[in-house]
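Read off the chains here:
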Amino acid sequence: MSRSMYGDLVMMGSGEMADSMAEVHRTLLAKHSTPKPVFLNSPAGFELNLEQINHKATAYFERNFGLSLTVADYPGPQATPAEVAAALTAIRTGNYLFAGPGSPSYALRVWRDHQVLAAVLERWREGATLIYSSAAALTLGAHTVPVYEIYKAGEDPVWLEGLDLLGALTGIRAAVVPHFDNREGGTYDTRFCY
């Protein structure tokens, strides 16, 4: 397969579902004659409010683009074989694969060496656009930081082995740390939580 057939790999920091980012998504969606967006919810698979996160993503695509967003619902090892099969079908029929909020360390655990990640990479090689933001973007590098464990549980900062998709897909060996200077924590100082 020719390298020119590969899709775009796009990294975003915070605000991936903010109305101010709609123009970026619109430009990327326009690269597909019939956009078929799919939300990969795995990074937030452990969250108690996963259904709210799914709804926020689907509502965002409906409101801003008039598109029906399919959720590739693979929350992790608790998924049944039927749920994994449904997630794989969603991924294999999508051409705009979007992953974002959650925990990078959790996403690493559920994606590493799993058929869901293999299906995503296969679609990228076939021309699908990959949008990795926030926690999902953190998994792309050779190393990542366990944000939840450090920021919320007080563990000492460490590097975890990332998926190194940047290295595999582009030859760039790096660590991705989006929105390291985030100031959107409301009453919490989140500037250094990453």
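Residues numbered from 1 in each chain as written. Predicted model: local features only at pLDDT ≥ 70, side-chain atom pairs only at ≥ 80, totals over all residues. Heavy atoms only, no water.

**Quick word on the nonpolar core**
No. 1: Membership of the largest hydrophobic core comes to 33 residues, with the highest contact counts inside it found for Leu40, Ile91, Trp111 and Tyr132.
No. 2: The biggest single contributor to this core is helix α5 (residues 115-125), with six residues.
No. 3: Beyond its immediate stretch of four places on either side in the chain, Tyr132 contacts Val10, Met11, Met12, Leu40, Ala99, Trp111, Leu117, Val120, Ala137, Thr139 and Leu140.
No. 4: In this structure, Met12, Leu67, Phe98 and Ile131 belong to the second largest nonpolar core, which totals 20 residues. (Core = buried A, V, L, I, M, F, W, Y, C linked by side-chain atoms within 4.5 Å. Buried < 20%, exposed > 50% of the residue type's maximum accessible area, 1.4 Å probe, protein only. Helix = DSSP H or I, 4+ residues; strand = E, 2+ residues; numbered from the N terminus. Contact = heavy atoms within 4.5 Å.)

**Some words on the packing of helix α1 (residues 22-29) against helix α2 (residues 50-65)**
No. 1: Remark: α1 packs on α2, axes separated minimally by 11 Å, with the N-to-C direction vectors making an angle of 80 degrees. Relative to α2, the element α1 is oriented roughly perpendicular. In contact with Ala22, His25, Arg26 and Leu29 of α1, α2 contributes Tyr60, Phe61, Asn64 and Phe65.
No. 2: Tallied by class, the residues present in the contact of α1 with α2 amount to five nonpolar, two polar and one charged. (Axes fitted to C-alpha atoms, helices over the stretch in contact; angles between N-to-C directions. Parallel < 35°, antiparallel > 145°, perpendicular 65-115°, else oblique. Nonpolar A, V, L, I, M, F, W, Y, C, P; charged D, E, K, R; others polar.)

**Considerations on the packing of aromatic side chains**
One pair of aromatic rings is described through two measures. These are the centre distance and the angle between the planes.
No. 1: Applying the stated criterion to the full structure yields ten aromatic pairs.
No. 2: The interplanar angle of 70 degrees and the centroid separation of 5.8 Å between the aromatic rings of Tyr60 and Phe61 together place this pair among those described as edge-to-face. The two residues Tyr60 and Phe61 agree in class, both being buried.
No. 3: A centroid spacing of 5.7 Å and a plane angle of 80 degrees characterise the contact between Tyr60 and Phe65, whose relative ring orientation is edge-to-face. (Phe/Tyr/Trp six-rings, centres within 6.5 Å; stacked < 30°, edge-to-face > 60°.)

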